[in-house]
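Understanding the architecture of this molecule
Listed here are the chains, written in short residue letters.
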Amino acid sequence: MIRIESVTKRYPDGTVAVDRLSLEIPDRAITVLVGPSGCGKTTTLRMINRMVEPTEGSILLDGTDIRQQPVNTLRRSMGYVIQHAGLFQHRTILDNIATVPRLLGTPKKEARARAAELMERVGLDASLAKRYPYQLSGGQQQRVGVARALAADPPVLLMDEPFSAVDPVVRKGLQDELLRIQGELGKTIVFVTHDIDEAIKLGTRVAVLRTGGRLAQFAPPADLLSAPADAFVEDFLGADRGIRRLSFFPSVDLQLQTAPVVGIDADAARLAAVSHAPWLLVTDLDGRPLGWSEPERLTAGAIDRERLLDFGRPFVPGTDSLRTALDGAVLSPTGWAVAVDGEGRAVGVVSQQVIGEAIRAAHSRAANGAYADTDVKAVR
Ligand SMILES: Nc1ncnc2c1ncn2[C@@H]1O[C@H](COP(=O)(O)OP(=O)(O)O)[C@@H](O)[C@H]1O
Ligand SMILES: [Mg+2]
């Protein structure tokens with residue numbers, strides 16, 4: 001575990017970049033430092049690997065002051081990833097990734113084999129191995145940066161705005177990849193960003209810093225959304241706080257109705273049995289949703305797909321959050337959301353009203369500590 005104990009950094013020109021910051025950074029989790037530009041995020045990160053020395057206070061790694069070990073040993077235990085990846089332009093992708101193991105004396109062949117393995121791990125095609133950084137897209141270069149940081153298998157990864165320079169779609173891919181890698185490798189990651197959505201998505205815990213390098217709040221993202229410590233944090237979180245919080249509530253407990261789901265081959269008796277329902281969801285013969293209809297507009301044996309209303313975006317109970325379910329219901333012209341299984345077959349439908357009740361129930365469960373586990377992550 002990394003412990004930052006009352007650390008202050010005052011640069012020689014008098015700028016106080018970090019002011020009496022204390023943080024306990026848990027092992028094998030992603031801790032995010034977020035805050036506006038100039039609030040001391042980079043300075044804090046660089047104090048952890050001693051690229052910057054604190055003016056006051058200390059930083060402990062597994063209980064020992066980091067100043068008690070040689071700086072090279074310390075840095076070897078900490079991979080470092082920066083914006084624009086910082087790759088060596090005159091080296092191939094494979095040799096970029098193999099840099100640190102080669103410096104540590106790993107034979108070339110072995111280091112390259114490990115680098116090839118890492119390329120796969122970060123989602124890079126093997127055909128890129130012999131290329132040079134300028135021949136790769138920004139997103140691919142960031143993946144190389146992550147692979148290079150992982151090459152010596154350090155327990156800690158320090159990441160300074162690694163995904164800030166790529167476009168939103170690529171960024172989302174990189175974030176998903178990082179979460180997957182973290183799930184597989186269980187590194188201790190300290191991740192710096194100025195993007196609160198990125199912080200909420202990636203962080204097991206999020207430290208919100210304010211200008212002057214002071215800690216405003218340190219909490220799991222769901223707690224930031226439900227209980228911002230002050231007006232600064234609330235403002236920084238931005239709009240839609242309540243809706244975004246629904247991402248942390250699972251949809252698995254929603255009471256689904258199956259009666260209003262009818263196959264396109266439904267006979268007259270089946271349709272008569274559900275004629276009281278406000279809306280029916282018609283599925284194809286495999287059970288995949290086709291669209292909505294009022295019961296009186298359906299005739300057994302002659303259901304016209306073209307006349308059905310769009311069923312919008314379905315959700316997968318157990319995988320998706322209440323936010324996704326609510327979104328499906330809000331988008332649907334009927335006000336009902338469609339639940340599907342992993343193969344896209346309808347498993348039931350649920351009304352906005354029932355989702356609203358589930359939201360209220362989730363709030364009271366949260367208030368009673370049901371989701372207090374710090375490992376609770378946003379569901380899709
Ligand atoms: N080497 C330096 N000398 C003087 N001031 C610095 C130096 N590096 C950063 N600062 C100042 O310290 C503050 C925090 O900077 P930084 O840690 O880079 O913030 P962030 O990464 O959150 O944008 C800023 O006011 C910045 O201008
Ligand atoms: Mg910075």
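The protein carries the name ABC-type quaternary amine transporter in an unreviewed UniProt entry, which gives Streptomyces roseochromogenus subsp. oscitans DS 12.976 as its organism. UniProt, in its Sequence similarities (unreviewed entry) section for the protein, records the words "Belongs to the ABC transporter superfamily."

Looking now at the overall build of the protein. What the protein contains, in helices and strands, is 14 helices and 15 strands. By principal-axis analysis of the C-alpha atoms, the protein measures approximately 80 × 50 × 30 Å. For the protein, the residues scored as buried account for 39% of the 380 residues in total. Pairs at least 24 residues apart make up 62% of the contacts formed inside the protein by residues separated by at least 6 positions.

For the rest of this paragraph, the subject is the sheet that holds strand E12 (residues 280-283). With respect to topology, three strands assemble into an open sheet ordered E11-E12-E13, the strand pairing being mixed. Sheet topology places strand E11 (261-263) and strand E13 (289-293) at the edges, where each strand pairs with a single neighbour. The average undirected angle you get between the axes of adjacent strands in this sheet is 30°. Examined bridge by bridge, E12 and E13 share four bridges and lie antiparallel to one another. Bridge pairing in E13 places Val282 opposite Gly291.

Around ligand 1, a shell composed of Tyr11, Asp13, Thr15, Ala17, Ser37, Gly38, Cys39, Gly40, Lys41, Thr42 and Thr43 is seen. If one sorts the elements of the shell around ligand 1 by residue count, helix H1 (residues 41-48) sits on top with three residues. Across the shell around ligand 1, the residue classes tally to three nonpolar, six polar and two charged.

A separate point is helix H5 (residues 108-121). Taking 1.5 Å of rise per residue, 14 residues should cover 20 Å, and H5 covers 20 Å from first to last C-alpha, within 8% of that figure. The complete set of buried residues in H5 reads Ala111, Ala115, Leu118 and Met119. Seen along its axis, H5 keeps its buried residues to an arc of 105°; they face one direction. Away from its buried face by more than 90 degrees, H5 exposes Lys109, Glu110 and Glu120. Packing partners of the buried residues in H5 comprise helix H3 (93-97), helix H4 (99-103) and helix H6 (138-150). A positive backbone phi angle near 80° is found at Gly123, which sits one or two residues after H5.

As a further point, take the environment of Thr283. Examined against the element boundaries, Thr283 turns out to sit in strand E12. Once residues within four sequence positions are removed from consideration, Thr283 is found in contact with Val261, Gly263, Ile264, Arg288, Pro289, Leu290 and Ala346.

With respect to topology, four strands assemble into an open sheet ordered E2-E1-E4-E5, the strand pairing being antiparallel. Two strands close off the open sheet at either side, each with one partner strand: strand E2 (16-25) and strand E5 (64-65).

A rise of 1.5 Å per residue sets the reference length of helix H7 (residues 168-185), with its 18 residues, at 26 Å; its end C-alpha atoms lie 25 Å apart and thus fit the reference within 8%. Every buried residue belonging to H7 is among Arg171, Leu174, Leu178 and Ile181, and all of these are buried. Angularly, the buried residues of H7 cover 85° about the axis, an arc narrow enough to put them on a single face. The exposed residues of H7 that point more than 90 degrees off its buried face are Pro168, Val169, Gly183 and Glu184. Taken together, the buried residues of H7 touch H5, H6 and helix H8 (196-202). One or two steps after H7, the chain reaches Gly186, where phi turns positive at roughly 60°.

This part is about the pairing of strand E9 (residues 205-210). The element E9 is largely enclosed, with a buried count of five among its six residues. Relative to E9, strand E3 (residues 30-34) runs parallel, the two being bridged by four bridges. Across the sheet, the residue bridging to Leu33 is Ala207, located in E9. Sheet topology note: the E9/strand E10 (residues 214-219) ladder contains five bridges and is antiparallel.

To continue, consider the packing of H6 against H7. Running from N to C, H6 and H7 point in directions that differ by 20°, and their axes come no closer than 10 Å. Comparing their axes, H7 and H6 come out roughly parallel. Handedness of the H6/H7 crossing: right-handed. Residue-level contacts link Gly138, Gly139 and Gln142 of H6 to Val170, Gly173 and Leu174 of H7. Among the residues forming the contact of H6 with H7, the class breakdown is two nonpolar, four polar and no charged.

So, how was this worked out
Residues numbered from 1 in each chain as written. Chains lettered and ligands numbered in written order. Predicted model: local features only at pLDDT ≥ 70, side-chain atom pairs only at ≥ 80, totals over all residues. UniProt positions renumbered as here; feature names shortened; annotations may be inferred. Helix = DSSP H or I, 4+ residues; strand = E, 2+ residues; numbered from the N terminus. Buried ≥ 20, exposed ≤ 12 C-beta atoms within 10 Å, placed from the backbone. Contact = placed C-beta atoms within 7 Å. Pairing = 2+ DSSP bridges. Axes fitted to C-alpha atoms, helices over the stretch in contact; angles between N-to-C directions. Near = placed C-beta within 6 Å. Nonpolar A, V, L, I, M, F, W, Y, C, P; charged D, E, K, R; others polar. Expected span 1.5 Å × (residues − 1). Arc of directions from axis to C-beta. Parallel < 35°, antiparallel > 145°, perpendicular 65-115°, else oblique. Left-handed = near helix turned anticlockwise from the far one by under 90°.

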